[in-house]
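# Architecture and fold: a report
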Amino acid sequence: MKAIVIDNYGDKEQLKMREIDKPEITEDQVLVELHATSINPIDWKLRQGYLKENIDFDFPIILGWDLAGVVAETGKNVTKFKKGDNVFARPDLTRLGTYAEYAAVDERLLAHMPENITYEEAASVPLAGLTAWQCLVDFSEIKDGDKVLIHAGSGGVGSYAIQLAKHFGAYVAATASGKNQDWVTELGVDRFINYQEEDFSEVLEDFDIVVDTIGGEVQEKSYEVLKEGGKLVSIVQPPEEEKAKELGIKAGFHWLEPEGEQLAKIADLIKNGKVRAVVGHQFDFSEEGLKEAHELSETHHAQGKIAISIK
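So, here's what we can say about the structure. It should be emphasised that the depicted structure is a prediction, and the values quoted were computed from it without experimental measurement. (Residues numbered from 1 in each chain as written. Predicted model: local features only at pLDDT ≥ 70, side-chain atom pairs only at ≥ 80, totals over all residues. Heavy atoms only, no water.)

Grouped together as the largest cluster of nonpolar side chains are 88 residues, with contacts concentrated most on Phe88, Tyr99 and Leu136. Core analysis: the next-biggest nonpolar cluster, separate from the first, contains 14 residues, Leu149, Phe200, Tyr223 and Val225 among them. (Core = buried A, V, L, I, M, F, W, Y, C linked by side-chain atoms within 4.5 Å. Buried < 20%, exposed > 50% of the residue type's maximum accessible area, 1.4 Å probe, protein only.)

Next up on the list: unusual backbone geometry. Cis geometry marks the peptide bond from Phe59 to Pro60; its omega dihedral reads -5 degrees. Within the fold, Pro60 resides in the loop between helix H1 (41-47) and strand S4 (61-62). Positive phi values are uncommon outside glycine, yet Glu141 reaches one of about 50 degrees. Within the secondary structure, Glu141 is located in the loop between helix H3 (126-139) and strand S9 (147-150). Under the relative-accessibility criterion, Glu141 is labelled exposed at 52%. (Helix = DSSP H or I, 4+ residues; strand = E, 2+ residues; numbered from the N terminus.)

The strand order S2-S1-S4 describes an open sheet built from 3 strands, whose pairing is antiparallel. Edge strands, defined here as strands with exactly one partner in the open sheet, are strand S2 (16-19) and S4. Judged from the 2 bridges that link them, strand S1 (residues 2-6) and S4 form a sheet pairing that is antiparallel. Note that in S4 the partner of Val5 across the bridge is Ile62. (Pairing = 2+ DSSP bridges.)

We now examine the sheet that holds S9. As summarised here, the arrangement of the 6 strands in space is S11-S10-S9-S12-S13-S14, forming an open sheet in which the pairing is parallel. Whereas interior strands pair on both sides, the edge strands pair on one side only; in this sheet they are strand S11 (191-194) and strand S14 (250-253). The average angle at which neighbouring strand axes cross in this sheet is 15 degrees, direction not considered. Pairing analysis gives 3 bridges linking S9 to strand S12 (residues 207-212), with the strands arranged parallel. (Axes fitted to C-alpha atoms, helices over the stretch in contact; angles between N-to-C directions.)

What follows is about the layout of surface pockets. Empty space within the largest pocket amounts to approximately 1300 Å³. In this structure, the largest pocket is lined by 47 residues; those nearest its centre are Pro41, Thr213, Ile235, Val236 and His300. (1 Å grid on protein atoms, 1.4 Å probe; cavity = no way out; pocket = protein on both sides within 12 Å on 5 of 7 lines; lining within 4 Å. Points joined across faces, edges and corners; volume = space filled by probe spheres on them.)

Here Gln163 lies in helix H4 (residues 156-167). Judged by relative accessible area, Gln163 falls into the buried class, the value being 6%. With residues near it in sequence (within four places) discarded, Gln163 still touches Leu187, Lys274, Val275, Arg276 and Val278. (Contact = heavy atoms within 4.5 Å.)

As a packed pair, H3 and helix H9 (residues 260-271) sit with axes 10 Å apart at the nearest point and diverge in direction by 100 degrees. For the element pair H3 / H9, the angle class is roughly perpendicular. Each of Pro126, Gly129, Leu130, Trp133, Gln134 and Asp138 in H3 lies in contact with H9, whose residues at this interface are Gln262, Leu263, Lys265, Ile266 and Leu269. By residue class, the composition of the contact of H3 with H9 is 6 nonpolar, 3 polar and 2 charged. (Parallel < 35°, antiparallel > 145°, perpendicular 65-115°, else oblique. Nonpolar A, V, L, I, M, F, W, Y, C, P; charged D, E, K, R; others polar.)

The next subject is the packing of aromatic side chains. One pass over the full model with this rule turns up 3 aromatic pairs. Aromatic pair Tyr9 and Phe59: ring centres 4.9 Å apart, planes at 70 degrees, arrangement edge-to-face. Of this pair, Tyr9 sits in the loop between S1 and S2 while Phe59 sits in the loop between H1 and S4; the two residues are 50 residues apart in sequence, bridging distant segments of the chain. Judged by centre distance (5.6 Å) and plane angle (65 degrees), the rings of Trp133 and Phe168 are edge-to-face. Residue Trp133 is found in helix H3, and its partner Phe168 is found in the loop between H4 and strand S10 (171-176); the two are separated by 35 residues along the sequence. On the accessibility criterion, Phe168 (24% relative accessible area) is partly exposed. When the ring centre of Tyr102 is taken as reference, the NZ or CZ atom of Lys22 above it lies at 4.4 Å. The ring of Phe139 carries the charged tip of Lys250 above its face, separated from the ring centre by 4.2 Å. (Phe/Tyr/Trp six-rings, centres within 6.5 Å; stacked < 30°, edge-to-face > 60°. Lys NZ or Arg CZ within 6 Å of the ring centre and 35° of its normal.)

So this is what it looks like as structure tokens:
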């Protein structure tokens, strides 16, 4: 099969197309023929070596941890999927990722793909959609009537978090740049904040939940908008727990746990028109395509998700 690999940590020039063996599946796995994958910040952070203290894989590494495609083969213990099924997943974090024509995925991580979206749209959902779900539902225990602030509402995780929060009945504020205002408002935001013109910490108060996708000063200021008993969940850096304790706030860092059953719940919402897959950019499955996609993701200004068409 064709795959795009890295043989060393470094810049985007490390991304190389190569012919390698198809992965072999275990009894509990499914071999998926990929039609699409998508780009997430973890891809280039791992490529650059930022994550090697926690995730130290042997080279060569195939990056990419989102997929949509067709079941090509099933292990003998697999019962929920059969050859020819359209599926999508956030596979386990291994050195054999999804910048490839085939990937082996544990059955428990797979879900049937909604019929009303493309493979590119489906590949944009798992990592970002599950991250948003787990931040809001598992960590924050979102409920009807909550006030939720989502930072970087135009990004991958932010765009799903807005839609899920609205689905659960929340009042939603989101920060983004002015050029993304129409697009973010379309997702259902009640209060749009152009961070270039307004300081969110001066105009918002008494919020129940903040989803932090930026860190740094933005995370620091987020404490100011939360009510006592509120929740601050970050996907970029652990919040200061001492400060949170003083303010009576639950704060924590969330690292995604892939989960097929949760993905199936999101698939139902997409099928019923409650959530839409948000692909802002699309590239070809080639060295050049992946390099351009990484370069765009590194700017932190991509709108929605960056999809890669493999088939």
